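# Close look at the chain arrangement
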Amino acid sequence: MSRTKIIFDPMPMMRIHATARVNEHFNRRFHERSHIDHAHGRKRQMAAAVMAGEAIADDHPFVLEAESRGMNKLDFAQVIANKPDNISKREWDRQQAIAKIEAAETPSDIETILSKIG
């Protein structure tokens, strides 16, 4: 009677579970920040319009916020335009974490990656 030795590689299943954890983490962050991200997106749209010379009413929330910060609307638009796009940054971070999981060689590598995302 011959014996067959079965070797179990835990890495494929660990990668699947780790990728799910990464996605859950970033989905949770999306839901926690969606209203803020939406507001920032609208400000970026308004900043682009102001910088393109489009007319904007003096009582528009964008103008009122600029004034509340002691700025005119063009200066405020430039500040907004120079801010990072947080949604794109988070998506890049998510994709990078998943790529690192796919490249991980040991369970310890995966745990290290997961510990860095929170």
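I will try to describe carefully the structure that is included in this document.

About the criteria used
Residues numbered from 1 in each chain as written. Predicted model: local features only at pLDDT ≥ 70, side-chain atom pairs only at ≥ 80, totals over all residues. Heavy atoms only, no water. Helix = DSSP H or I, 4+ residues; strand = E, 2+ residues; numbered from the N terminus. Polar contact = N/O pair within 3.5 Å; in protein donor to acceptor, adjacent residues only side chain to side chain. Axes fitted to C-alpha atoms, helices over the stretch in contact; angles between N-to-C directions. Parallel < 35°, antiparallel > 145°, perpendicular 65-115°, else oblique. Contact = heavy atoms within 4.5 Å. Nonpolar A, V, L, I, M, F, W, Y, C, P; charged D, E, K, R; others polar. Phe/Tyr/Trp six-rings, centres within 6.5 Å; stacked < 30°, edge-to-face > 60°. Salt bridge = Lys/Arg side-chain N within 4 Å of Asp/Glu carboxyl O. Buried < 20%, exposed > 50% of the residue type's maximum accessible area, 1.4 Å probe, protein only.

### As for the environment of Arg42
Within the secondary structure, Arg42 sits in helix H1 (residues 11-51). C-alpha separation for the pair Arg42 and Phe62, spaced 20 residues apart in sequence, amounts to 9.3 Å. Among the polar contacts listed, one links the side chain of Arg42 to the side chain of Gln45, at a separation of 2.7 Å.

### Brief notes about the packing of helix H2 (residues 61-68) against helix H3 (residues 73-81)
Between H2 and H3, the shortest axis-to-axis distance is 9 Å and the interhelical angle comes to 95°. Our classification of the angle between H2 and H3 gives roughly perpendicular. Residue-level contacts link Phe62, Val63, Glu65 and Ala66 of H2 to Lys73, Phe76, Ala77 and Ile80 of H3. Residue composition of the contact of H2 with H3, by class: six nonpolar, no polar and two charged.

### Here's the deal with the packing of aromatic side chains
Under the defined criterion, the tally for this structure stands at one aromatic pair. Both rings, one in Phe62 and one in Phe76, keep their centres 4.9 Å apart while their planes meet at 50°; by these two values the pair is tilted. Placement of Phe62 in helix H2 and of Phe76 in helix H3 is noted, with a sequence separation of 14 residues between them.

### Focus: the pattern of salt bridges
Opposite charge on two side chains lets them pair, provided their charged atoms get close. For the structure shown, the criterion picks out seven salt bridges. Where Arg94 meets Glu91, a salt bridge forms, and the shortest distance between an N and an O atom there is 2.9 Å. Taken as a pair, Arg94 and Glu91 lie in helix H4 (residues 86-103) at a separation of three residues, close to a single helical turn. Arg94 sits in the buried class, given a relative accessible area of 18%. We classify Glu91 as partly exposed; its relative accessible area is 35%. Taken together, the salt bridges that share partners define one network made up of Arg33, Asp37 and Arg90.

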